[in-house]
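# Secondary and tertiary structure notes
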Amino acid sequence: MTEQSTVTLTTATPVTLPDAQTVTEVEHYTDSLFRFRVTRPASLRFRSGEFVMIGLMSDPDPVTGKQKPLLRAYSIASPAWDDTLQFYSIKVKDGPLTSKLQHIKPGDQVILRPKPVGTLVHDALTPAKRIWFFSTGTGIAPFASLLREPETYERFEQVILTHSCRDLAEL
Ligand SMILES: Cc1cc2nc3c(=O)[nH]c(=O)nc-3n(C[C@H](O)[C@H](O)[C@H](O)COP(=O)(O)OP(=O)(O)OC[C@H]3O[C@@H](n4cnc5c(N)ncnc54)[C@H](O)[C@@H]3O)c2cc1C
């Protein structure tokens, strides 16, 4: 009986994530903030400042045993020219996604829906002499993308970022 159970476990087919990307870096800043980097799908085109849906599979449903994608919006902190995609993430206590996502490590897979959207992009910004970016916490992510975008400095003479966070370590 014990032997059979062991065989079942070792030959179980791993769940294949839809739209899977591989985690390449993880850095924890505090117990409520971390950053991670994932591979970029070859076909993904996005504009600096956009966001995508990121996620993991849910725990199996207690009745049906089925798992479904658990997705949340995440701003891409990398600029459009980057080879990989960086994200900043909150760790919400009992948060459906981040209570699991905070445990990812290099080599793991996450779901990344390759449909970037958002209006915090150059096409939508009114021409002006200077631009102000006001952010708190992980809200810095789309600005981190735009700050590394050369077009930002072509279009604005002055780029000013103000950022505040819960504690010093998050800076
Ligand atoms: C357009 C958009 C872009 C986003 N970009 C990011 C991002 O780059 N990084 C990120 O960590 N989150 C981002 N979020 C929030 C993200 O979608 C999730 O809410 C977050 O990952 C928590 O997921 P959860 O399932 O653990 O908890 P949820 O059930 O989604 O959230 C639980 C509660 O936690 C709080 N909360 C959620 N996210 C944050 C946050 N980032 N900072 C402070 N409090 C929060 C809210 O009070 C929320 O009601 C974004 C949301 C939107 C709409």
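These figures come from a predicted structure and were not determined experimentally.

### Quick word on the overall build of the protein
Along the backbone of the protein there are 4 helices and 8 strands. Counting from the amino terminus, helix and strand elements in the protein follow one another as α-β-β-β-β-β-α-β-β-α-α-β. With the C-alpha coordinates aligned to their principal axes, the bounding extent of the protein is approximately 75 × 35 × 25 Å. Taking all 171 residues of the protein together, the buried fraction comes to 37%. If you take every contact in the protein between residues at least 6 apart in sequence, the share linking residues at least 24 apart comes to 71%. Surface exposure of the protein reaches about 10300 Å², of which carbon and sulfur atoms provide 56%. Separation between the mean location of the 19 positive side-chain charges and that of the 19 negative ones in the protein comes to 4 Å.

### Describing the environment of Arg130
Residue placement: Arg130 occurs in strand 7 (residues 130–136). Exposure remark for Arg130: the relative accessible area of 38% places this residue in the partly exposed category. Between the alpha carbons of Arg130 and Gln158 there is a distance of 4.4 Å; along the sequence they are 28 residues apart. Apart from the residues lying within four places of it in its own chain, the contact partners of Arg130 are Phe156, Gln158 and Ile160. At 2.6 Å, the side chain of Arg130 and the side chain of Gln158 are in polar contact.

### Structural notes on the sheet that holds strand 3 (residues 51–57)
In space, the 6 strands of this open sheet follow the order 4-3-6-1-2-5, with antiparallel pairing throughout. Edge positions in the sheet fall to strand 4 (69–75) and strand 5 (84–90), since each of these pairs with one other strand and no more. Here the average twist between neighbouring strands, direction ignored, is 35°. Pairing of strand 1 (residues 20–30) with strand 6 (residues 109–117) involves 3 bridges; the strand directions are antiparallel.

### Here's the deal with the site of the ligand
Taken together, 16 residues lie around the ligand, and Ala73, Tyr74, Tyr88, Thr98 and Thr138 are the ones closest in. Leu97 is positioned with one of its backbone polar atoms (N or O) 2.8 Å from an oxygen atom of the ligand. Residue Thr138 places a side-chain N or O atom 2.8 Å away from a nitrogen atom belonging to the ligand. Elements supplying a minimum of two residues to the shell around the ligand: strand 4 and strand 5. For the shell around the ligand, the element with the most residues is strand 4, which contributes 4 residues. Looking at the shell around the ligand residue by residue, the classes come out as 9 nonpolar, 5 polar and 2 charged.

What counts and how
Residues numbered from 1 in each chain as written. Predicted model: local features only at pLDDT ≥ 70, side-chain atom pairs only at ≥ 80, totals over all residues. Heavy atoms only, no water. Helix = DSSP H or I, 4+ residues; strand = E, 2+ residues; numbered from the N terminus. Buried < 20%, exposed > 50% of the residue type's maximum accessible area, 1.4 Å probe, protein only. Contact = heavy atoms within 4.5 Å. Areas by Shrake-Rupley, 256 points an atom, 1.4 Å probe, with all protein chains shown as cover. Lys, Arg positive; Asp, Glu negative; His and termini not counted. Charge placed at Lys NZ, Arg CZ, Asp CG, Glu CD. Polar contact = N/O pair within 3.5 Å; in protein donor to acceptor, adjacent residues only side chain to side chain. Pairing = 2+ DSSP bridges. Axes fitted to C-alpha atoms, helices over the stretch in contact; angles between N-to-C directions. Near = heavy atom within 4 Å. Nonpolar A, V, L, I, M, F, W, Y, C, P; charged D, E, K, R; others polar.

Just geometry here; none of it tells us what the structure is for.
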